[in-house]
Amino acid sequence: ISASVQKTGALLTIEEGILSGGFSSAILEGLAADSALPRSIKRLGIGDRFVEHGPQSVLRDRYDLSSRGIFQAALDLLGTREKAPTDIDETVHGTR
């Protein structure tokens, strides 16, 4: 991860859980210890709040953890003004 961050200067982490103390926190802690923090960071996950129950597809959409949300986060991290295709979920999951 450190080599990739040094090469790209960016980091996108994705976790289907609470961000605080989660996967991305551990990654950032390790990068900080190596003095390798990236210039651009985007962490996708659930903020420190109560999460209601429901179908995974609905919750992923709500927290930008769907294919489209992840695609858009990557575009945003790269600084592009492009928008993720609206049919990206169908394309990725073969339902189109």
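In this text, all values refer to a predicted model and were calculated from it rather than measured experimentally. (Residues numbered from 1 in each chain as written. Predicted model: local features only at pLDDT ≥ 70, side-chain atom pairs only at ≥ 80, totals over all residues. Heavy atoms only, no water.)

## Examining unusual backbone geometry
A positive phi angle, near 55 degrees, is found at Ser35, a position not held by glycine. Within the element layout of this structure, Ser35 appears in the loop between helix H2 (23–33) and strand E2 (40–46). (Helix = DSSP H or I, 4+ residues; strand = E, 2+ residues; numbered from the N terminus.)

## Quick word on helix H4 (residues 67–77)
Taken residue by residue, H4 has Ser67, Gly69, Gln72, Ala73, Leu75 and Leu77 as its buried positions. Once H4 finishes, Gly79 follows within two positions and takes phi at roughly 80 degrees, a positive value. (Buried < 20%, exposed > 50% of the residue type's maximum accessible area, 1.4 Å probe, protein only.)

## Regarding the environment of Ile70
The topology assignment puts Ile70 in helix H4. Once the C-alpha coordinates of Ile70 and Ser24 are considered, the two residues, 46 residues apart in sequence, prove to be 15 Å apart. Look past the residues within four positions of Ile70 in its chain and what remains in contact with it is Leu12, Ile14, Leu44, Asp64 and Leu65. (Contact = heavy atoms within 4.5 Å.)

## Digging into the confidence of the model for the chain
Counting all residues, the mean pLDDT for the chain is 88, and 92% of those residues have values of 70 or more. The spread of mean pLDDT over the elements of the chain runs between helix H5 (residues 88–93), the lowest at 62, and H2, the highest at 95. (pLDDT = per-residue confidence, 0-100.)

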